Amino acid sequence: MPNPKQMKKRLSSDKRPRVRTGGSPRLEGGTAGFREIKMGIDSPTTIDFVIDYSRSMKDILPTIYIFCRDLMNACKLGSGRIRFGITFFSDEVTKKIWKNEDFTELPTDVLDGLLAREIGGGSRDRRENIGQAVRYSLEKLKKVPAGERVLILFTDTPPQDMELANCWCETPIRSAVLFVPVTYTGSEYIFQMVDDQGRPVKSRTSFVFDIEEVIRSRYLKISQSDGEERILKDNTVLRNQLLMALS
């Protein structure tokens, strides 16, 4: 497996699905309210990673690679059948295919796909094809039951595309997790949400994380006072937050 550090060059109240927890939960300093527990997903789940591969993302993509690797491994701790796909976008929208299939059960397939994809493109006004990429991803996810569909978006582009509000809610989805700039307001309400049985849930929204604060600043960040142990704790907290969001 290539060293992720080299990627800069290569890349230049509703019903909850079953979530497995284990071990002895304990609260950690600096992360009050969150438990450091081992988790996995026991419901069948199909996750499509929708990733901005424009030039402005080149410095953060290596961390996204590691984040996706850790998340996929954590998902696999449960008993559910978990599959993954990738949708890339920049000047155009494309997808990774494995033996004529849009999704794979092997995290290594996804990681190899991320490494093989070249970075490039991106407009001067930073208006990438987000709406088109999300529609593309939802079309892929239509092939699986609604209660299995999960979309995870990574982009540093602010939402300037008015077509988003018209296209994102067309396909029911169990969970949508958006790693986006802080200016990305209101996007948690534009998906049609369902539970793991595919039943509409009006009270559920997508989850929005600040990509700068979570991915660039927190994930893998070394705390000089706590040392390497703190890195592992912070990463565990973030992964567990995301696993709960996926459910």
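Up top you'll find the structure we're talking about.
Residues numbered from 1 in each chain as written. Predicted model: local features only at pLDDT ≥ 70, side-chain atom pairs only at ≥ 80, totals over all residues. Heavy atoms only, no water.

Draft legend 1. Summary view of the overall build of the protein. Within the protein, the regular secondary structure consists of 7 helices and 8 strands. A total of 247 residues make up the protein; the buried ones form 53% of that total. Accessible surface, the protein as shown: approximately 11,900 Å² in total, 49% of it carbon and sulfur. (Helix = DSSP H or I, 4+ residues; strand = E, 2+ residues; numbered from the N terminus. Buried < 20%, exposed > 50% of the residue type's maximum accessible area, 1.4 Å probe, protein only. Areas by Shrake-Rupley, 256 points an atom, 1.4 Å probe, with all protein chains shown as cover.)

Draft legend 2. Spatial organisation of the pattern of salt bridges. Overall, the coordinates contain 8 salt bridges when judged by the stated rule. Salt-bridge contacts for Lys 58 lead to Asp 59; the nearest nitrogen and oxygen are separated by 3.5 Å. Taking relative accessible area as the criterion, Lys 58 reaches 36% and is therefore assigned partly exposed. When its relative accessible area of 43% is taken as the criterion, Asp 59 is described as partly exposed. A salt bridge links Asp 102 to Lys 143, with the shortest nitrogen-to-oxygen separation between them at 2.5 Å. (Salt bridge = Lys/Arg side-chain N within 4 Å of Asp/Glu carboxyl O.)

Draft legend 3. Seen up close, the sheet that holds strand β5 (residues 93–95). Pairing is mixed in the open sheet, where 6 strands are placed in the order β5-β4-β3-β6-β7-β8. In this open sheet, the two strands that pair with only one neighbour each are β5 and β8 (207–210). Geometrically, the sheet is characterised by an average inter-axis angle of 20 degrees between neighbouring strands, direction not taken into account. Where strand β4 (residues 82–89) lies against β5, 3 bridges are found, and the strand directions are antiparallel. By the bridge assignment for β5, Phe 88 is matched with Thr 94. On the sheet, helix α4 (residues 130–141) packs against β3 (45–52), β4, β5 and β6 (149–154) and is oriented at approximately 150 degrees with respect to β4. Contacting β6, β7 (175–180) and β8, helix α6 (residues 211–218) runs over the sheet at an angle of about 55 degrees to β8. (Pairing = 2+ DSSP bridges. Axes fitted to C-alpha atoms, helices over the stretch in contact; angles between N-to-C directions. Contact = heavy atoms within 4.5 Å.)

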